[in-house]
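Observations on the three-dimensional arrangement
As a plain string of letters, each chain reads:
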Amino acid sequence: MHDIFTADDILSGAEAFSRVTPPARLGVFGDPVEHSRSPAFQNAALDACGLGCRYVLLHVKPDRFQEAVRGLGAAGFIGANVTIPHKAAALVAVDEACDTSRRCGAVNTIALRDGRLLGFSTDGPGLSRAIREEFSVDLHDLRVVLLGAGGGAGRAIAMQCASEGCERLVLVNRTAEKAQGLAAELESFFRNDRLAGPAERLVAIPFDDDSLRRELAMADLVINATSLGMRHSDPPVLHPRLITPNLMIYDTVYTTGQSRLLQDASAAGARGANGLSMLLHQGALAFSIWFDREAPLEIMRAALLECVKTSNA
Ligand code: NAP
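All values derive from a computational prediction rather than experimental measurement.

Rules used throughout
Residues numbered from 1 in each chain as written. Predicted model: local features only at pLDDT ≥ 70, side-chain atom pairs only at ≥ 80, totals over all residues. Heavy atoms only, no water. Helix = DSSP H or I, 4+ residues; strand = E, 2+ residues; numbered from the N terminus. Rg over C-alpha atoms; globule rule 2.2 N^0.38 Å. Buried < 20%, exposed > 50% of the residue type's maximum accessible area, 1.4 Å probe, protein only. Contact = heavy atoms within 4.5 Å. Areas by Shrake-Rupley, 256 points an atom, 1.4 Å probe, with all protein chains shown as cover. Lys, Arg positive; Asp, Glu negative; His and termini not counted. Charge placed at Lys NZ, Arg CZ, Asp CG, Glu CD. Axes fitted to C-alpha atoms, helices over the stretch in contact; angles between N-to-C directions. Left-handed = near helix turned anticlockwise from the far one by under 90°. Nonpolar A, V, L, I, M, F, W, Y, C, P; charged D, E, K, R; others polar. Near = heavy atom within 4 Å. Polar contact = N/O pair within 3.5 Å; in protein donor to acceptor, adjacent residues only side chain to side chain. Pairing = 2+ DSSP bridges. Core = buried A, V, L, I, M, F, W, Y, C linked by side-chain atoms within 4.5 Å.

Some details on the overall build of the protein
- Along its length, the protein carries 13 helices and 13 strands.
- For 313 residues, the compact-globule formula gives about 20 Å, and the C-alpha radius of gyration of the protein, at 20 Å, lands near that figure.
- Dimensions of the protein, computed from the C-alpha atoms along their principal axes, are close to 60 × 45 × 35 Å.
- In the protein, which comprises 313 residues, the share counted as buried stands at 51%.
- Considering only contacts in the protein between residues 6 or more positions apart, those separated by 24 or more positions represent 70%.
- In the form shown here, the protein has an accessible surface area of approximately 13800 Å², with 50% of it arising from carbon and sulfur atoms.
- In the protein, which carries 31 positive and 37 negative side-chain charges, the distance between the mean positions of the two groups comes to 1 Å.

Overview of the packing of helix α7 (residues 123–135) against helix α8 (residues 152–163)
- Running from amino to carboxyl end, α7 crosses α8 at an angle of 65°, the nearest separation of the two axes being 8 Å. As for the relative orientation of α7 and α8, their crossing is right-handed in sense. Where α7 abuts α8, its residues D123, G124, P125, L127 and S128 lie against A156, I157 and Q160.
- Here the contact of α7 with α8 is composed, by residue class, of four nonpolar, three polar and one charged.

Examining the site of the ligand
- What surrounds the ligand is a group of 23 residues, the closest being A153, N173, R174, T175 and K178.
- One nitrogen or oxygen atom from the main chain of T226 is found 3.4 Å from an oxygen atom belonging to the ligand.
- One nitrogen or oxygen atom from the main chain of L279 is found 3.2 Å from an oxygen atom belonging to the ligand.
- Sorting the residues of the shell around the ligand by element identifies α8 and α12 (276–291) as the ones contributing at least two each.
- In terms of residue class, the shell around the ligand is made up of ten nonpolar, ten polar and three charged.

Quick notes on the sheet that holds strand β5 (residues 96–97)
- If you walk across this open sheet you meet the seven strands as β1-β3-β2-β4-β6-β7-β5, and the pairing is mixed. With one partner strand each, in any of the chains shown, β1 (4–6) and β5 form the two edges of the open sheet.
- Relative to the sheet, helix α4 (residues 62–70) contacts β2 (24–30), β4 (79–82), β6 (109–113) and β7 (116–120), its axis offset from that of β2 by approximately 160°.

A short note on the nonpolar core
- Counting residues in hydrophobic clusters, the biggest one holds 32 residues, and the most contacted among them are V144, L146, L169, L171, L186, L221 and Y250.
- Elements represented by at least two residues in this core include exactly α7, β8 (143–147), α8, β9 (168–172), α9 (176–186), β11 (221–224) and β12 (248–251).
- Residue contributions to this core peak at six residues, all from α8.

Have a look at this one:
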């Protein structure tokens, strides 16, 4: 069980956070937030590096979020992470946001520097590192089908694919207009003709089996960035018959156990990986931003896996 603090704790200054040992100077904002695995691996990193501070849960409702973020400095914080549902609001709350955050319309990492709140987005770069680690390939060389392109994670991943110049990007979203809007925004990244053949490098398609079948025949990597798969009762995100052995499947969902999509991928002989590696890498990148040093990645990984094992038991 991790320590949970509220907006009132933040607004009352550093006192509440100095009562824990070592004092809390970092945390993750969310609503709900109890499920977050970030404290497990961030605290392991803080301890391993002897940084003398602790990372806690910050349970803050949307109507208190802005004032809570503005209170971080007086509460003695170094920075924070931001999760559902606050990532878009965090972009508004910070004094300055990096280019990636502005393009994504979201901030998942806040750092305090000279009293100013700086916003960053490490989800896209974290996904990129996860793909490299899981499949030994770079986004740059891949034809990617992105399911859930209209959500917050999907947008961050689409931006990352575009900025790394992936060979082909297919945007798929239940609400088709969101994928079409995103395709229009990303169009300039895909103007040069890298790919031989008639297929366009950037398309937005409807979320139906026929459209998916056509596009999957020209794909290397499928990324699930929908929220489907978080609950066992969810319908399958992809019909199992659409999965072929040549595909790599990355499910950003990190449920306990294997998601249905990854079970179907395995049954089809396709390689698959879940979102734990993205979670780990986005967290390691946040650590590097806060402390301007390399994160102890293997210590963080071990702590995350231990936390997952414990919650599975
Ligand atoms: P979000 O902003 O709420 O977006 C949800 C997405 O899922 C939207 O594209 C939505 O489509 C789609 N969707 C929801 N229900 C659907 C359904 N029944 N059929 C088809 N599509 C459906 O959520 P988010 O923050 O992007 O998170 C999405 C997923 O990414 C979650 O599973 C989350 O755990 C995961 N994630 C993982 C990491 C990591 O580090 N591994 C980081 C961030 C997020 P519409 O636009 O049509 O509503």
